[in-house]
Amino acid sequence: MIEQFIVWLKHKLHRCSKPGCWAKGMACFYPNGADALPDEWVCAEHCHDAGYCRCCGNFWAGVDSFDFSRTGLCENCNAYLDDDSVEFDIED
C-alpha cells in the first residue's frame with residue numbers, strides 16, 4: 001500500500017521512477033502511445049538503464065545500437081547531434 005502511494009507520488013511530482021531515486025525525471029514514452037501523456041518519469045542517470053533515450057525520452061530497449069550505446073542516445077538523437085556538430089567551411 002505504501003509502495004503504491006510512493007509510485008503515485010513520484011509520478012505526480014515528476015520524480016524518477018527508479019526505487020530510491022528522487023531526482024527530477026524527464027518525460028519518457030513507450031512506443032505507440034495513444035496519448036501525449038508520459039508513461040514514466042526517469043532521471044538522466046537512469047534513462048538508459050530503463051530503456052529510454054536520455055535526449056528524446058522515447059523507449060528504445062531491445063535495439064542493439066541503443067543497448068550497446070556508450071552515449072545512452074537512440075539512433076535518431078545520435079544522428080541529429082552528429083549532424084549539428086559538423087563544422088562547415090565558409091566557402092561551402
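Reading guide: rules and limits
- Residues numbered from 1 in each chain as written.
- Predicted model: local features only at pLDDT ≥ 70, side-chain atom pairs only at ≥ 80, totals over all residues.
- Heavy atoms only, no water.
- Core = buried A, V, L, I, M, F, W, Y, C linked by side-chain atoms within 4.5 Å.
- Buried < 20%, exposed > 50% of the residue type's maximum accessible area, 1.4 Å probe, protein only.
- Helix = DSSP H or I, 4+ residues; strand = E, 2+ residues; numbered from the N terminus.
- Contact = heavy atoms within 4.5 Å.
- 1 Å grid on protein atoms, 1.4 Å probe; cavity = no way out; pocket = protein on both sides within 12 Å on 5 of 7 lines; lining within 4 Å.
- Points joined across faces, edges and corners; volume = space filled by probe spheres on them.
- Nonpolar A, V, L, I, M, F, W, Y, C, P; charged D, E, K, R; others polar.

Caption draft 1: Region of interest: the nonpolar core. Core analysis: the biggest nonpolar cluster contains seven residues, these being Cys16, Cys21, Cys28, Val42, Cys43, Cys47 and Tyr52. Core analysis: the next-biggest nonpolar cluster, separate from the first, contains six residues, Cys53, Leu73, Cys74 and Cys77 among them.

Caption draft 2: Spatial organisation of the side chain of His46. If you trace the backbone, His46 turns up in the loop between β2 (40-42) and α2 (47-50). Residue classification places His46 among the buried positions, given a relative accessible area of 12%. Beyond its immediate chain neighbours, meaning those up to four positions away, His46 contacts Cys16, Lys18 and Cys21.

Caption draft 3: Here's a closer look at the layout of surface pockets. Here the largest pocket is characterised by a volume of approximately 210 Å³. Taken together, 14 residues make up the lining of the largest pocket; nearest its centre are Ile6, Val7, Lys10, Ser17 and Lys18. When contributions to the lining of the largest pocket are tallied by element, the ones reaching two or more residues are α1 (2-12) and β2. For the lining of the largest pocket, the element with the highest residue contribution is α1, accounting for five residues. Counted by class, the lining of the largest pocket contains five nonpolar, three polar and six charged residues.

These results come straight from atomic positions and should not be treated as a statement about function.
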